[in-house]
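Analysis of the macromolecular model
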Amino acid sequence: MRILVTGGAGFIGSALVRHLICNTAHEVLNLDKLTYAGNLESLTSIADNSRYEFVQADIVDQSTVSTLLKRFQPHAIMHLAAESHVDRSIDGPSDFIQTNIVGTYSLLEAARAYWQGLAEPKKSAFRFHHISTDEVYGDLHGVYDLFTETTPYAPSSPYSASKAASDHLVRAWHRTYGLPVLLTNCSNNYGPYHFPEKLIPLVILNALAGKPLPVYGNGQQVRDWLFVDDHARALLKVVTEGAVGETYNIGGHNEQKNIEVVHAICSLLEELAPNNKPQGFARFADLITFVKDRPGHDLRYAIDAGKIERELGWVPEETFETGLRKTVQWYLDNRQWCRRVQDGSYQGERLGSTDIKDLLA
Ligand code: NAD
């Protein structure tokens, strides 16, 4: 297959692209705007592969996307490009509306025009796979409740509201125009190459730097953590074997309170990096600092991933213990990637990119 991946320089997108190049024979065109969250240094291991190409472009720019579709002739689009950080959406929702809603609309329109021009059997085989989040469902209050594919939408933050809107658009393009879509809603991901504004990498890097480990409110918020490579495997299953028009929830069966996650990281650092402990602190956990809670903070998310397990045979390979150990070890072994993100130098690179002007010429 030829697969157009949007947002392939981000955290999950880069894991998906590495998985597609390393473990399948598919060809990948990675279309990414390279916002602060896009990092081509997460793709250096596959950048020279002849089945991989990168182009810097904005999904809002429908005519460029249409030209790229015509040229690349994909069998599937896997749409991950998004603004994804809840705190940033609270401080400035505009980019979230623009990319997550307007951008998804533009991409859908470009995809629809391309798909309508395809001849059979390629037309029937085409897939538009929209990658979304469990945050569209709002939060759970019962201890045993789980999000299913039919849980009503009740997003809390500008981020989750913009993702909910994009999900509705994708379903409407299927119902109204027949575009062959698939949707996935996944729980919190963690793993290598995660931008250090998110909880797990932030805690690891702050602990190693002797900085406070900020925990919102009382740290009792529950998240269902999934190792990012398990998500990438699930996405490949869905795009190749999922039923058109269907939604699949993806989750790790790994519910943890935020404070438990922070303590688990501290324990792993005690074991894996005992000599990196900041001076004057007996334990990494002594750096934990409770800070004012995020407005509208959801209390609990947990996914019922039974449908994808039953219908497509996907189950996560990593437990939280094995995945978190791999993650902490990766951050210890890849300090240069971290340093270049932290000092901003990663944004100066456009490794292996095809110039958009050459493509449009
Ligand atoms: P990320 O923020 O790490 O990466 C997003 C990528 O999209 C970046 O490379 C960025 O440059 C690119 N991008 C942003 N705006 C763009 C635009 N207008 N045009 C083209 N590219 C653009 O995000 P992530 O954590 O990898 O998440 C990927 C997708 O998965 C998102 O749609 C997100 O909603 C969803 N998701 C994330 C999680 C999670 O835990 N991180 C969980 C479930 C679902």
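Residues numbered from 1 in each chain as written. Predicted model: local features only at pLDDT ≥ 70, side-chain atom pairs only at ≥ 80, totals over all residues. Heavy atoms only, no water.

**Thoughts on the overall build of the chain**
Summing up its helical and strand segments, the chain has 13 helices and 14 strands in all. Expected size for 361 residues packed as a compact globule is a radius of gyration near 21 Å; at 20 Å, the chain falls within 12% of this value. Here the C-alpha coordinates of the chain stretch approximately 65 × 45 × 40 Å along the principal axes. A separation of at least 24 residues holds for 81% of the contacts in the chain among residues at least 6 apart in sequence. Total accessible area on the chain is roughly 14800 Å²; 50% of this is exposed by carbon and sulfur atoms. Positive and negative charge centroids in the chain, built from 34 and 43 side chains respectively, lie 3 Å apart. (Helix = DSSP H or I, 4+ residues; strand = E, 2+ residues; numbered from the N terminus. Rg over C-alpha atoms; globule rule 2.2 N^0.38 Å. Contact = heavy atoms within 4.5 Å. Areas by Shrake-Rupley, 256 points an atom, 1.4 Å probe, with all protein chains shown as cover. Lys, Arg positive; Asp, Glu negative; His and termini not counted. Charge placed at Lys NZ, Arg CZ, Asp CG, Glu CD.)

**A look at the pattern of salt bridges**
For side chains of opposite charge, pairing can occur when their charged atoms come near one another. Here the structure, examined in full by the defined rule, presents 15 salt bridges. We note a salt bridge from E53 to R71, for which the minimum N-O separation is 2.9 Å. Placement of E53 in strand β3 (residues 52-56) and of R71 in helix α2 (residues 62-72) is noted, with a sequence separation of 18 residues between them. Judged by its relative accessible area of 38%, R71 falls in the partly exposed class. (Salt bridge = Lys/Arg side-chain N within 4 Å of Asp/Glu carboxyl O. Buried < 20%, exposed > 50% of the residue type's maximum accessible area, 1.4 Å probe, protein only.)

**So, helix α11 (residues 320-333)**
With 14 residues, α11 extends 20 Å between its outermost C-alpha atoms, agreeing within 8% with the 20 Å of an ideal straight helix rising 1.5 Å per residue. Residues of α11 that are buried include every one of F320, G323, L324, T327, V328, W330, Y331 and L332, and no others. In this structure, the buried residues of α11 make contact with β7 (189-190), α7 (199-209), β10 (226-227), β12 (255-257), α9 (258-272) and α12 (335-342). (Expected span 1.5 Å × (residues − 1).)

**Topic: the site of the ligand**
Taken together, 29 residues form the shell around the ligand, and within it I12, D32, S84, Y159 and K163 come nearest. Take G10: an N or O atom from its main chain is 3.0 Å from an oxygen atom of the ligand. Measuring from an oxygen atom of the ligand, one finds a backbone N or O atom of I12 at 2.7 Å. Protein contacts shield 96% of the accessible area of the ligand, which totals 840 Å² for the unbound molecule. If you list the elements that add at least two residues to the shell around the ligand, you get α1 (11-23), β5 (127-133) and α6 (158-177). When grouped by side-chain class, the residues that make up the shell around the ligand number 13 nonpolar, 12 polar and 4 charged. (Near = heavy atom within 4 Å. Polar contact = N/O pair within 3.5 Å; in protein donor to acceptor, adjacent residues only side chain to side chain. Nonpolar A, V, L, I, M, F, W, Y, C, P; charged D, E, K, R; others polar.)

**So, the side chain of R223**
Inspection of the secondary structure assignment puts R223 in strand β9 (residues 222-224). No salt bridge forms around the buried R223; measuring N to O, its nearest opposite-charge neighbour D298 is 5.6 Å away. At 3.4 Å, the side chain of R223 and the side chain of H297 are in polar contact. Not counting residues up to four positions away in its chain, the partners in contact with R223 are N188, N254, E255, Q256, N258, H297, D298, L299, R300 and Y301.

**Looking at the packing of α7 against α9**
The contact between α7 and α9 brings their axes to 10 Å, and the two run at 40°. Here α9 runs oblique to α7, going by the angle between their axes. The element α7 and its partner α9 pack so that their crossing is right-handed. For the pair α7 and α9, contact is made by L199, I200, V203, I204, A207 and L208 and by N258, V261, V262, I265 and L269, respectively. Taken together, the residues of the contact of α7 with α9 sort by class into 10 nonpolar, 1 polar and no charged. (Axes fitted to C-alpha atoms, helices over the stretch in contact; angles between N-to-C directions. Parallel < 35°, antiparallel > 145°, perpendicular 65-115°, else oblique. Left-handed = near helix turned anticlockwise from the far one by under 90°.)

**Some details on the nonpolar core**
With 41 residues, the main nonpolar core has V5, L16, V17, Y52, M78, I250 and I308 as its most contacted residues. Listed by contribution, the elements that provide at least two residues to this core are β1 (2-6), α1, β3, β4 (76-79), β6 (181-186), α8 (228-241), β11 (247-250) and α10 (306-312). Sorting elements by how many residues they give to this core places α8 first, with 6 residues. If sequence neighbours within four positions are ignored, V17 has contacts with V5, G8, V28, L43, I46 and Y52. Of all hydrophobic cores here, the second largest spans 36 residues; its members include F227, C266, I288 and V341. (Core = buried A, V, L, I, M, F, W, Y, C linked by side-chain atoms within 4.5 Å.)

**Focus on the pairing of strand β2 (residues 27-32)**
Where burial is concerned, most of β2 is hidden: 5 out of the 6 residues are buried. Looking at chain direction, β1 and β2 are connected through 5 bridges and run parallel. Its bridge partner lying in β2, V5 is registered against N30. The sheet contact formed by β2 and β3 spans 5 bridges and is parallel. Residue pairing for β3: V28 is matched across the bridge by Y52. (Pairing = 2+ DSSP bridges.)

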